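So the chains spell out like this:
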Amino acid sequence: MSSPWNNYGLPFLPGYSFPDYTKSAFHRPQTLDYKNGYPLAQRLSMGIGQELHLSEQLSTTAQHLSDLSFGMPGEDPYGASDRKVYEPFKPVYVALDKKVLCFKAFFKEEFLNSSEEYRVCPVVIYYHLEDDTMTIVEPKEENSGFEHGKRLKRQKIPKNDHGEYYLWKDLNIGMDLKVYGFTYHITQCDDFTKEFMESEGIILNEPEPTPEDPYIKKRKGSPQPHTQPSTTDKLHQFLTMDGKVLSFSALGEDVNRQYTLPVTIHYFLVDDTVEIREVVYKGRRQNHFPVVMRRVKIPKKMKSETFPTCVMEISHLDVDEYYSPKDFQLGQTVTLLARSFLLCDCDDFTKKYYKENHPDMEMKPLEVPEKVDTPQKEKLKMAAPQKNPPKVEKNLENLNKVLRYKAKLVSPYPEDKDRSFILMYSLFNQTISIFEKGTSSFDSGFLLRNRHVPKPGSSQENPDLYSPADFAIGATSFLFFLSVVFSHRFILTDADLYVLKYLESISDQVPSQTLDSLRQKLSTQSNNGEEVKSSHVSQVF
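Residues numbered from 1 in each chain as written. Predicted model: local features only at pLDDT ≥ 70, side-chain atom pairs only at ≥ 80, totals over all residues. Heavy atoms only, no water.

Participant: Tell me about unusual backbone geometry, residues and numbers included.
Facilitator: If you check the backbone angles, K98 has positive phi at about 60 degrees while not being a glycine. Even without being glycine, D272 reaches a positive phi, approximately 60 degrees. Note on placement: D272 falls in the loop between β10 (259–268) and β11 (273–278). (Helix = DSSP H or I, 4+ residues; strand = E, 2+ residues; numbered from the N terminus.)

Structure, rendered in structure tokens:
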């Protein structure tokens, strides 16, 4: 509120006010500022128009009167001054920011149709002094059977039906706080809450213990009897035997009733299943189906002696006994699904398992019988394979090396006249690929990809494959696909310069006719002014 008198001592009435034309600022000063992200209140010292505020004018006048009464500033004729030093003004929301009162309480929750009449649930009540709001949180407790967390979000809690809300002065230890149908009994508080209440003149009651939950007390008082888990329990077997496998090296019986097939028998202790795999080693042609018998439980004895053998699926109700670890003895023969296997050796874990669980069984390795030839003995001993032959090493040098030719399809049909093909011969694996360049009538794509192409008239047992020595410019070749019915005839019309360089490097293995046709074709292009590059045909591709 402004003063009713102006600076000249005259009242604010018409004709008694004089405008000050020297003023240039008429904005209101700011009283709120932010520092490091926190609001700070500033004391109002300047008024509108950069004039001193009324409070500053009074302070200046009082200081001037004090100086006249007690002398110059800094002089204190009466010794120590008893004048009060006022602290800077702070709003309530700044002074009480982030100050929270904490009370511990509990409430009883009743249950119908239960052996326990009620459950004691502890909670924590937070009172925010900044805006007089409250939050109720239920702490998490393991194995309590309840979903804990925030029971009441931050809000003002009504005290009665007259529009009043709970304040911090209404809270005390030992009282019942009724909130939306629940009664919370306050038992304790933290040190900050106790110090704040005592500073405001409120005496807190003595802390009370939180009663124990009847259900938790009953569960602790009568523990369940502990029984030793059974060795036949599936859960116990899974927890103790998961990932443990017995491994045996054995010889399988072949069609001549001789033990010549090296296999590995795996017995999984977690579920008593058996798996048989053929031994795979380096230097041996790998079988496409190395699993001789998939992982399955193998019945040893059926309940009925006349059980039909044609049944494909056998249930546990039909089996009296399954194969167990005690049925696998080194040096003896075990019959699994009508096929016999001679157990020769086992790994260290298997030996340790039998020593601890079946000490009466002696796991002594069996020597390989004399009727097994030397290569198969080496397979069982897991000997290091021999080095790859020089032919494989030579092929590795030719990795990613391809000879490219341009070809035309010899066909009686006029629509095949403009079709163009790229014949590619891989020096690494001696395979042929044919790619067709797209036209208006035919799409582009591979006509043949990475296939060994035998020459016409060669046998299936010993096929004679096409090689670069057979590909002469102007020559025709028969390419047989899956059947002779789908034969095609191609004539080679061009080649890369790399083809000629490669064939000249092995001229002793290439007919002179093939080399002459390539030299003549490439020299003709050079004489006609055409640029011959190593990627001549690959550009077409």
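Participant: An account of the sheet that holds strand β9 (residues 245–253) is needed here, citing residue identities and associated values.
Facilitator: Read from one edge to the other, the open sheet built from six strands follows the order β12-β11-β10-β9-β16-β15, with strand pairing classed as antiparallel. What marks the edges here is a single partner per strand, and that holds for β12 (291–296) and β15 (333–336). Within the sheet, the average angular offset between the axes of one strand and its neighbour, ignoring direction, is 35 degrees. When β9 meets β10, the two strands line up antiparallel, connected through nine bridges. Within the sheet, the bridge partner assigned to S247 lies in β10 and is H266. Sheet strands in contact with helix α6 (residues 348–357) are β9 and β16 (339–346), and its direction is about 110 degrees off that of β9. (Pairing = 2+ DSSP bridges. Axes fitted to C-alpha atoms, helices over the stretch in contact; angles between N-to-C directions. Contact = heavy atoms within 4.5 Å.)

Participant: Can you explain the sheet that holds strand β7 (residues 176–179)? Please cite residues and give values.
Facilitator: In a beta sheet, neighbouring strands are held together by backbone hydrogen bonds and run either parallel or antiparallel to one another. The antiparallel open sheet is built from six strands, whose spatial order is β6-β5-β4-β3-β8-β7. Each edge of the open sheet carries a strand with a single partner, namely β6 (149–155) and β7. Neighbour-to-neighbour, the strand axes of the sheet open up by a mean angle of 30 degrees, direction not taken into account. Both strand β4 (residues 118–128) and strand β5 (residues 133–138) contribute to a ladder of five bridges, which runs antiparallel. Paired with Y126 across the strands is T135, a residue of β5. Packed on one face of the sheet, helix α3 (residues 191–199) meets β3 (100–110) and β8 (182–189) and runs near 115 degrees to β3.

Participant: Explain the nonpolar core residue by residue, including any values.
Facilitator: As a rule of thumb, nonpolar side chains are buried together in soluble globular proteins. Among the nonpolar cores identified, the biggest contains 27 residues, and Y405, I432, F471 and L503 are the most heavily contacted of them. Put simply, the parts of the chain that give this core at least two residues each are β17 (402–409), β18 (420–426), β19 (432–437), β22 (488–495), α9 (497–505) and α10 (512–527). If you look at the next biggest cluster of nonpolar residues, it comprises 26 residues, including C121, V123, Y184 and L204. (Core = buried A, V, L, I, M, F, W, Y, C linked by side-chain atoms within 4.5 Å. Buried < 20%, exposed > 50% of the residue type's maximum accessible area, 1.4 Å probe, protein only.)

Participant: Can you break down α9 residue by residue, with the values?
Facilitator: For α9, the full list of buried residues reads V499, L500, Y502 and L503. Summarising the axial view, the buried residues of α9 lie within an arc of 165 degrees, below the 170-degree limit, and thus occupy one face. Seen from the buried face of α9, the exposed residues on the opposite side, beyond 90 degrees, are K501 and S505. (Arc of directions from axis to C-beta.)

Participant: An account of the side chain of Q237 is requested, with residue identities and associated values reported.
Facilitator: Considering the arrangement of structural elements, one finds Q237 in helix α5 (residues 234–241). Judged by relative accessible area, which is 11%, Q237 ranks as buried. Dropping the residues within four chain positions of it, Q237 is found in contact with D242, L269, V270, D271 and D272.

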